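A structural walkthrough
What follows is each chain in one-letter form.
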Amino acid sequence: MTVMQAPTYRRAEYHGFDAGGSDFVYLVSAGAIFEIDTDVRAVLDRLDGQELTHAALVRELVAEGRAAEEADGLVRELRQARLIHLGHAMPVAQVPQAPPADFPLQALVLNVTNQCNLACTYCYEFGADKIATPAGKPKYMTLDTAMASVDLLIAEAVGRKSVHITFFGGETLMNFKLLRDVVAYANHATAAAGKAITYSLTTNATLLTPEIVTFLSDNRVGVTVSMDGPPEVQDKHRVYKNGKGSYAVIEPRLRTLIAHHKTRAITARVTLTEGVTDVVRIFRHLKDDLGFHEVGFAPVTTGEERAYSLDGNGMDSVLAQFNSLADEWLEYALRGESHGFTNVSETISELISGVNKSHPCGAGLGLMGVSPSGDLSPCHRFTDADTHTMGHVSSGIDRAKQGEFLAKGHVEAKYDCQSCWARPLCAGGCHHEAFVRYGDTGHANLHYCDWIRQWTDTCLRIYGVLSVRNPGFLERFVERKGLS
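Procedures and definitions
- Residues numbered from 1 in each chain as written.
- Predicted model: local features only at pLDDT ≥ 70, side-chain atom pairs only at ≥ 80, totals over all residues.
- Heavy atoms only, no water.
- UniProt positions renumbered as here; feature names shortened; annotations may be inferred.
- Salt bridge = Lys/Arg side-chain N within 4 Å of Asp/Glu carboxyl O.
- Helix = DSSP H or I, 4+ residues; strand = E, 2+ residues; numbered from the N terminus.
- Buried < 20%, exposed > 50% of the residue type's maximum accessible area, 1.4 Å probe, protein only.
- Patch = residues over 30% accessible without salt bridge, like charges linked within 9 Å, V, L, I, M, F, W, Y side chains within 5 Å.
- Areas by Shrake-Rupley, 256 points an atom, 1.4 Å probe, with all protein chains shown as cover.
- Lys, Arg positive; Asp, Glu negative; His and termini not counted.
- Charge placed at Lys NZ, Arg CZ, Asp CG, Glu CD.
- Contact = heavy atoms within 4.5 Å.
- Core = buried A, V, L, I, M, F, W, Y, C linked by side-chain atoms within 4.5 Å.
- Phe/Tyr/Trp six-rings, centres within 6.5 Å; stacked < 30°, edge-to-face > 60°.
- Lys NZ or Arg CZ within 6 Å of the ring centre and 35° of its normal.
- Pairing = 2+ DSSP bridges.
- Axes fitted to C-alpha atoms, helices over the stretch in contact; angles between N-to-C directions.
- Parallel < 35°, antiparallel > 145°, perpendicular 65-115°, else oblique.
- Nonpolar A, V, L, I, M, F, W, Y, C, P; charged D, E, K, R; others polar.
- Domains from an automatic or database assignment.
- Buried area = accessible area lost by both parts, 1.4 Å probe.
- Polar contact = N/O pair within 3.5 Å; in protein donor to acceptor, adjacent residues only side chain to side chain.

Where an unreviewed UniProt entry is consulted, the chain appears under the name Quinohemoprotein amine dehydrogenase maturation protein, with the organism given as Sphingobium terrigena. Per UniProt, the comment on the chain under Cofactor (unreviewed entry) is "[4Fe-4S] cluster".

Across all of its chains, the model carries 20 salt bridges by this definition. R76 serves as the salt-bridge partner of D72, at 2.9 Å between the closest nitrogen and oxygen. Note that D72 and R76 are positioned in helix α3 (residues 68–80) at a spacing of four residues, about one turn of the helix. For D72, a relative accessible area of 24% corresponds to the partly exposed category. Judged by relative accessible area, which is 49%, R76 ranks as partly exposed. Measuring nitrogen to oxygen at the nearest pair gives 2.7 Å for the salt bridge that ties D457 to R461. Highlighted residues: D457 and R461, both in helix α15 (residues 449–469), separated by four residues, approximately one helical turn. Linked by salt bridges that have partners in common, D39, R46, E60, E64 and R66 make up one network.

A negative phi angle is the norm for most residues apart from glycine, just as the trans form is the norm for most peptide bonds. Cis geometry is adopted by the peptide bond preceding G170, which originates at G169 and carries an omega value of 20°. Secondary-structure assignment places G170 in the loop between β8 (162–168) and α5 (176–192). Phi angles above zero are rare outside glycine, and A205 is one such case at about 75°. You can see A205 is positioned in the loop between β9 (196–203) and α6 (210–218). With a relative accessible area of 0%, A205 lands in the buried category.

What follows deals with a negative patch on the surface. A grouping of D23, E35, D37 and E77 is seen on the molecular surface, where their side chains present a negatively charged patch. Looking at the element boundaries, D37 is found in the loop between β4 (32–36) and α1 (38–46).

Here we come to the side chain of R160. Locating R160 in the fold gives a position in the loop between α4 (143–156) and β8. Among buried Asp, Glu, Lys and Arg side chains, R160 stands out as unpaired, with E156 the closest opposite charge at 9.9 Å. Apart from the residues within four sequence positions on either side, R160 is in contact with F103, P104, L105, Q106 and K195.

Moving on: the nonpolar core. Buried together is how nonpolar side chains tend to be arranged in soluble globular proteins. One finds F167, F292, F297, W329 and I348 to be the most contacted residues of the largest nonpolar core, which totals 99 residues. Counting residues per element, this core draws most heavily on helix α10 (residues 312–334), which supplies nine residues. Beyond its immediate stretch of four places on either side in the chain, W329 contacts H339, F341, V344, S345, I348, I462, L466, F473 and F477.

Further remarks concern the packing of aromatic side chains. As enumerated under the stated definition, the model contains 15 aromatic pairs in all. Relative to F341, the ring of F283 lies with its centre 6.1 Å away and its plane at 75°, an arrangement referred to as edge-to-face. Placement of F283 in helix α9 (residues 279–289) and of F341 in the loop between α10 and α11 (342–353) is noted, with a sequence separation of 58 residues between them. Exposure class is identical for F283 and F341. Each is buried. These aromatic residues form a ring-pair network of at least three members: F283, F297, F322, F341, W451 and W455. It is R335 that lies over the ring of Y332; its NZ or CZ is 4.8 Å from the centre.

Strand order across the open sheet formed by three strands is β2-β3-β4, with antiparallel pairing between neighbours. A single partner strand is all that each edge strand has here, and the edge strands are β2 (14–19) and β4. Within this sheet the neighbouring strands show an average axis-to-axis angle of 25°, counted without direction. The sheet contact formed by β2 and strand β3 (residues 22–27) spans six bridges and is antiparallel. Opposite Y14, over in β3, you have L27 as the bridge partner. Packed on one face of the sheet, α1 meets β2, β3 and β4 and runs near 110° to β4. Helix-sheet contacts for α15 involve β2, β3 and β4, and the interaxial angle to β2 is about 55°.

Before going further, it helps to spend a moment on the packing of α9 against α10. With their axes 8 Å apart at the nearest point, α9 and α10 run at an angle of 45° to one another. One finds that α9 runs oblique with respect to α10. Contact residues: V279, V280, F283 and R284 in α9; V318, Q321, F322, S324, L325 and E328 in α10. Taken together, the residues of the contact of α9 with α10 sort by class into six nonpolar, two polar and two charged.

The domains assigned to the chain are domain 1 (8–89), domain 2 (107–402) and domain 3 (407–465). Distance from the C-alpha centre of domain 2 to the C-alpha centre of domain 3: 21 Å. Each partner contributes to the interface: domain 2 provides 36 residues, whereas domain 3 provides 27 residues. Per-residue buried area on domain 2 facing domain 3 is highest for L319, L351 and P360; these three make up 19% of the total on that side. There are zero salt bridges connecting domain 2 and domain 3. Applying the counting criterion to the domain 2 and domain 3 interface returns six residue pairs in polar contact (both at pLDDT 80 or more).

Below, the structure is given as structure tokens:
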């Protein structure tokens, strides 16, 4: 006679943390945050390192003084919340589903030129780790190619109420006339299609003029300035081809931009390299001295060890300073004020949204890059790379190449990610970073794993403190960021 064994409960995969005097868990299967009380903690502790049947779990809770009905209801409630589950099988919801093959496009990054008037030593597009193959290709995008890009975006944005175009380079403003013409065309085309449209651009700020600033403000074009800090920091790597630094040129232009662009926040984006790691000082200069609304930081992308690469000590220093600014961000938030450290704001946005990513970002999915010639690529970082073309604006998206890219990039395809509690937010990290570092867009960025987990824990604790001490800030944050 076969004896049927009762199924046993086990704890779900989660990351526990305390904040604001309360206990929380970050549930990996849902990308969700729960504040837990002593009753929930009792159940989770009972299942630490062991599995128990429903009856056995209820008995142990009753033995602690709880009523049988209360204990039974608690166990069922935690199972419904997926904090515990039966058996060894991973809950289906824990595996992010692959997006449908016809996932609608939402944004294009138009590389309006592959030319640049600077020669930044760490540039991923022109530097030692470049993957672009621009020889023999157009240097500037034409209006016909740009209009075809807009038409493709509208056609592929099925069901989308709004679409977005980011203008990129090279140095974007070297082709400002095209940018101006594209905005006019796209405004008309999207209105005719019944869609809204927003714009942004990235620039090194060297070519900004009052007339350009007025246009950007009038058309609500969001501006991100690639800039590394005060003069001696900026001029370390962000130089002209003759080696001359760029700070003195951009400083007055930035003040004009920040003073007169009134319709969108102006953001600085800092690349952290060897010798450019004084995060707090850089933040103070960009936010307080120059007046940027928001400042974000990212480590340089490198393959082999370069003279400008960040080593382990450099990354540790960066994380310590990130934590210092994160503490400030929390202090501001508790007072109901905005701080401007983008790295916290972006992570908090994802935590509030409960993201559980199948892929690290929208590259090749809801977003694509367009080269000056009209070739499509997963994003702007793959522009002009023959190995990563994904169709053309005149012929459409190559679904086979798109499918191959997305299959490799799915978090479920990355073995090393499967035991990491931070995977709902990270999903293995940037495709381009992985290709430069490992030669494979589907490889997990293992060199950042500990860093990502520590930073995510920091932001979880910020979320927890706010949920206890100033939940209204989180509610207003949702409204301001359009997350609801």
